[in-house]
Structure formats: C-alpha cells, structure tokens
Amino acid sequence: MKLARALLQTPRVVGVGLAASILGGLGIAGCFVDSEGLPPPTEAFYFPTGLAASPGGRVLYVANSDFDLQYNGGTVQALDLQRLRKRALALQASLAPRPAGGGVDVSAACLGVGLSTNPAPLLHPGPCAPLDLSTLDGEDEIVRGSAVIGAFASNVLLVHRPLLGDLADSDADAPQARLFVPVRGDPSVTFFDLADDRLDAPDAQRCSGDACFRLDCGATEAGGRCGRDHRIGEDPGQELLRRKLPLEPFGIAAGPDGTSVVVSHQTENTASVIVNPWEKTKRPQLAAVLTDLALGPTELAAVPRPRLISQLKEADREIDYQPAFALTYIASPQLDLIRYREASEGAPALLSQSDATAVTALTSGTDNRGIAVDGRERQACEAGCGDADYVCLAQCTAIPLQVFVAHRFPNSLLIGELSTTLIEDDAADPAVPASRWAVANETLKIRDSVPLSAYPSRVELGEVIGADGERHRRVFAVAFDTGRVFSYDPEARSIENEIITGRGPQALAFDTGYVCGDEKERCDCAPGSDGCEPYSLMYIAHFTDSYLGVVDLDMRKATGGSMIVTVGTPVPPRESQ
C-alpha cells in the first residue's frame, strides 16, 4: 500500500459535502493501488487540478486527480483547443448586443453553438448549458488523447526544447516538448513526450493533425497506464542509483531551456531537481534533493535568466550564475530563492537555498501559496539590444522583475521585486567588454500588498484585450473557497475585475493570440490586417464539480470578464449529491 497524505493546500472551506470527502479520503493515511478498481473516464473530467495550453494554440492539457479514489487512477487528457476556441468565439459573437439597443437573444446564441440555455447558473455561471463531451465525435470531438496516471495529481508543467532551426538527423526524433505531472499517490513526477505545435518552429518539426495530441508516457496502448520508466520516482533505473523522490510532490517549475525541473514536497520540507535532457537516447532523471527547508514548501516559479548571461556564455565568457527559483511556504512566514547548479566533471548536480525573504509587512506572514514572476519589462528592453551589446544588456538586467504572491490571513496579493546584481571582475580587460563581469545573482523583496475579499490560492499571469484592441498584462488570483478569480492591473495597481466562477476553481490556462479564418486557428498574422483578430480566453479547472469553464478576456465585448462556456457536465462530489 502506498501512503497518501493530506494535501496541505486544500482550502479550508470547500462547499457542501466535499469537506467530509477531503478529510475522510486524505486527512488520514490512505492507500492507493493502481491495479485495483474501475478505470477512470477518458471523456470526462474528474477533480481536475492542472491545466496547460500549448504555445501554438492547438492543445489544452488537463490533469485529473481522482481525488476520492473512485477509480484506479487519474488521467491526463489532450483537448482540441482549436475546436473549443471556435465554439467560444462563435458564442462571443452571438452574444453581442444588437444595434439600436435590440438586446441579446441568449437562447438563439446558445442554439447557434449546439447548446440550450443554462439551467443551473449558480452551479456553473454562463449563458448556456454545459458542452457534453461524451456526445461529440468526428470533427466535433474535443478529447483527442488520454493516458492513465496515479491518483492525486497536483499540477502540470509544459516545457519545450529551444528552437535550433533545422535539427540534426540524430535529434530529428527527439522529443521537442514534455509535460511533467507531480503525482502524490505514487509518489512520482510522471512525464510525457509531446509533439511541437509552436508557430515559429521549422515546418518539418511542427506537428499536424492527430500527431499534435500524442501523449507518449510508455503506455502499452492508447489511453493506457503510463509505464514505470516515465514515472520519475518509480523508474527502476533510479532505484538502481539509490535515488528516491520524496513524498508529496506538489509545486513545479522549469529552469532555462527546460533542462532543469524543480519540485516542492510539502510534508517532507524538501525540494528536488530533475535533469531533463533533450537528447533522443536520454530520459529525465532525479538529480538532487534539498532537505531541511522551512515548514510547508508549496509553490514554485522560475526566475527568468537575464539575456546577458546567455550571450556571455555563447561568447565563451560564462560567469558564475546559477538559475534561481522562487518558493513559497504555507506554514512559514518567508519566501525563498533556491538555486540549481548543473553537474560538472567531478561535481554532482546541486540544489541549494541561497536567500530567504521574511514576510513581515502583514499581521501574519504565513500561508503564502501561488507565486508568479513577471519579466516582461526586462525582456522588452533586452529585445532592443544586439547580441554583442553587453552594456545594453547589462542595463536591461538592472530592471527588476515583478513578483506576485497569493497570501492569506489577511487575504491579499503580495507584490515584490526580484533584482539581479552584476558583480564586476577586478581583473577584467577593459578592451574586452565581455570580460567585465564575474558573478550575477538575485535578491527578492516584498514591496506592497493589495487586499482581496476572499482566500487566494494560486496566481497566474495572463493578458486581456483592452478597449484599445491591444493586449495588456494582468495578474489573476484564484480564490478556491469563494468561486472567484481576481484580475489585477499592475499598471493601475488595482483590482480591475472579479470574475464569478463555479465551485472550487483550482487551475488556470490562457489561450491568447490572433486568429484568422473561419476555423479560428491561431495565426502569426499582422495585427490590424484583414481577417487578423486578437482574442483572449481563460480556461478554469473547477475541482469541486469536475468541469472546465471558459472566460472571455476581450474587454471590448459584452461578455468580457465573464464565463461563457462550460466544458464537460458538472458532477457534484458523491457525498453532496
């Protein structure tokens, strides 16, 4: 029997009936055996906990946790994002007010996308009835791929191999993308090899058709259970090396180029690092474990690497810099920066704690949960520098990154700055600008907080379409307990909108870009040109009633800031039915 401990991030209040299910199922040590019980559904969601949208706009990945152990595992599904987008944008257009104040015919708008009007708006907000995935097939099918994993998936992470132009023959069949899923019931981090749908990928490398929805995790059949060699922590090769993944993998983030993946482990007060090589003959492997962290390490966010560091490395002037990850704690009043050092000749890979930031601005500094790091301002500056313009890149490196943290008691969104310090080399040759610096590292400070009216749990960065038709960055804080997502405008420094959701919003994913043509495919078109339209949709995984919601983030529209489509039939937890 495998131990399944309580999920520390489970909200205090869950809704009628579910609290007992959570406490009864996980508050006490329980067992999970993946060979017993009913197989999980593949055409429905079941306590979804993780979402990730592919950068090319073709696929939405969903992790389902099987939280009440009704089945013999959870699932990962690959949804056709293009088909979902087409329905959502068609409904958005149908719900536009008629000229001269003629109002909106909601019934006709829903019927236009094959749905009736919403019979239960309190359970799932929006104008229309849910989209029943089990009734869709052929060109309307939404779930295009699935695989079975262990119970209690907590998150998902999607990473891509750096674009290198034409790949060498030896790497032509190597994975171009991977999905990592922390699974607490095993415990493992299960990984999937995926196809590449990036619009800027070479034509020969970019997927098409059914290949875009491939979920390769060592299963012996389509929709089958992932193999042990794709479950880091259960991989027999790792056992031979006497490496064991700690219990309760929860938060997850990837370092530069997706070659390092760091995982937090809540009840063990540890973090682990997985090395993710992109070569065809190699697999991700557990590399190091950092112990003796503060109580309750929870969520992680990778710190974007300054472009200066990359350009110096390409010029054979590599300086002392270790990729950093920001870490929150649910039971300790602090935030940490932890760093990863790659293995080198004679030295193993290493994960270390480099800087702790006390959370002292509020009454209680404990219970920090989701975290997001925004490097957009610095990256915009770096884009204007030449590859060898080291002085320009150093000036951009001085621009601090913004950090946003979901904090409870009092309920607030913490706002911080992450600064990078460059230390010069006293022995540098003034005639060689690339030799000027010796060391670079980061420090994290909390500068401000914004009160929220409910308990925030996760934080994500996304974009809305403003009244000017342009894309604008927003910070979205999820409040599981009260069915809210707060939209924070970092420029105005205020909460712009409270989005009403169904019960138990758990995870977010964003589909933002430009579409052209009737099929609403993501296009790399010129904004403002004929047929090139901006759009932004947010997908919400509703844990409590097991469905996805689609929110329109085009604030020019009548539906902007509200849920417009329910994907999957909401099913209340068994004890509340």
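*Asks:* Would you mind going over the overall build of the chain with me for this structure?
*Replies:* Looking only at helices and strands, one finds seven helices and 31 strands in the chain. Burial status across the chain gives 55% buried among its 577 residues. In the chain, 63% of the contacts between residues at least 6 apart in sequence involve partners at least 24 apart. Here the chain displays about 23,200 Å² of accessible surface, and carbon together with sulfur accounts for 49% of that area.

*Asks:* Just to check I follow, could you spell out the state of the cysteines for this structure?
*Replies:* Here a disulfide denotes one covalent bond, and it connects the sulfur atoms of two cysteines. By the definition in use, this model includes seven disulfides. What pairs with Cys-381 in a disulfide is Cys-396, and their sulfur atoms sit 2.0 Å apart. Taking the sign of the S-S torsion, -70 degrees for the link of Cys-381 and Cys-396, the bridge is left-handed. Taken as a pair, Cys-381 in helix 6 (residues 376-383) and Cys-396 in helix 7 (residues 390-397) lie far apart in primary sequence, 15 residues in all. Residue classification places Cys-396 among the buried positions, given a relative accessible area of 0%. Between Cys-525 and Cys-532 runs a disulfide, and the two sulfur atoms are separated by 1.9 Å. The sign of the S-S torsion, about 75 degrees, decides the handedness of the disulfide formed by Cys-525 and Cys-532: right-handed.

*Asks:* Looking at this structure, I do not really get the packing of helix 5 (residues 307-314) against helix 7. What am I missing?
*Replies:* To describe two helices that pack against each other, one gives the angle between their axes and the distance between the axes. Remark: helix 5 packs on helix 7, axes separated minimally by 8 Å, with the N-to-C direction vectors making an angle of 150 degrees. Between helix 5 and helix 7, the interaxial angle falls into the category roughly antiparallel. Taken together, the residues of helix 7 that come into contact with helix 5 (itself represented by Arg-307, Leu-308, Gln-311 and Leu-312) are Tyr-390, Leu-393, Ala-394 and Thr-397. Of the residues contributing to the contact of helix 5 with helix 7, the split by class is five nonpolar, two polar and one charged.

*Asks:* Help me out: how do you make sense of helix 7 in this one?
*Replies:* The α-helix winds at 3.6 residues per turn, so residues separated by three or four positions along the chain end up facing the same way. Of all eight residues that make up helix 7, six are buried, and the element is covered over most of its length. Listed as buried for helix 7 are Tyr-390, Cys-392, Leu-393, Ala-394, Cys-396 and Thr-397. Those residues of helix 7 that are buried lie in contact with helix 5, helix 6, strand 21 (412-424) and strand 22 (437-451).

*Asks:* What am I meant to see in the packing of helix 6 against helix 7 here?
*Replies:* Packing of helix 6 against helix 7 leaves a shortest axis separation of 9 Å and a crossing angle of 170 degrees. In terms of their interaxial angle, helix 6 and helix 7 are classed as roughly antiparallel. Two secondary-structure elements touch here, helix 6 through Arg-378, Cys-381 and Glu-382 and helix 7 through Leu-393, Cys-396 and Thr-397. Split into classes, the residues belonging to the contact of helix 6 with helix 7 amount to three nonpolar, one polar and two charged.

*Asks:* Hey, could you run me through the sheet that holds strand 19 (residues 368-374) in this one?
*Replies:* One key point about sheets: their strands pair by backbone hydrogen bonds, in either a parallel or an antiparallel sense. Spatially, four strands are ordered 19-20-21-22 in an open sheet, and the strand pairing comes out antiparallel. Edge positions in the sheet fall to strand 19 and strand 22, since each has one partner strand and no second. For this sheet the average axis-to-axis angle between neighbouring strands, irrespective of direction, equals 25 degrees. One ladder, built from 13 bridges, connects strand 21 with strand 22; its direction is antiparallel.

*Asks:* Could you clarify how one ought to interpret the pairing of strand 23 (residues 458-465) in this entry?
*Replies:* Residues in a regular strand point their side chains to alternate faces of the sheet. Of all eight residues making up strand 23, six are buried, and the element is well covered by its neighbours. As paired strands, strand 23 and strand 24 (residues 471-479) are joined by eight bridges and run antiparallel to one another. Its bridge partner being in strand 24, Leu-461 is matched across the sheet by Val-475.

*Asks:* In this structure, what is going on with the pairing of strand 30 (residues 547-552)? I would like to understand it.
*Replies:* With six of six residues buried, strand 30 lies mostly within the body of the structure. Pairing geometry for strand 29 (residues 533-542) and strand 30, over six bridges, is antiparallel. Pairing of His-542 across the sheet is with Tyr-547, part of strand 30. Looking at chain direction, strand 30 and strand 31 (residues 562-567) are connected through five bridges and run antiparallel. Across the sheet, the residue bridging to Asp-552 is Ser-562, located in strand 31.

What counts and what doesn't
Residues numbered from 1 in each chain as written. Predicted model: local features only at pLDDT ≥ 70, side-chain atom pairs only at ≥ 80, totals over all residues. Heavy atoms only, no water. Helix = DSSP H or I, 4+ residues; strand = E, 2+ residues; numbered from the N terminus. Buried < 20%, exposed > 50% of the residue type's maximum accessible area, 1.4 Å probe, protein only. Contact = heavy atoms within 4.5 Å. Areas by Shrake-Rupley, 256 points an atom, 1.4 Å probe, with all protein chains shown as cover. Disulfide = S-S within 2.5 Å. Axes fitted to C-alpha atoms, helices over the stretch in contact; angles between N-to-C directions. Parallel < 35°, antiparallel > 145°, perpendicular 65-115°, else oblique. Nonpolar A, V, L, I, M, F, W, Y, C, P; charged D, E, K, R; others polar. Pairing = 2+ DSSP bridges.

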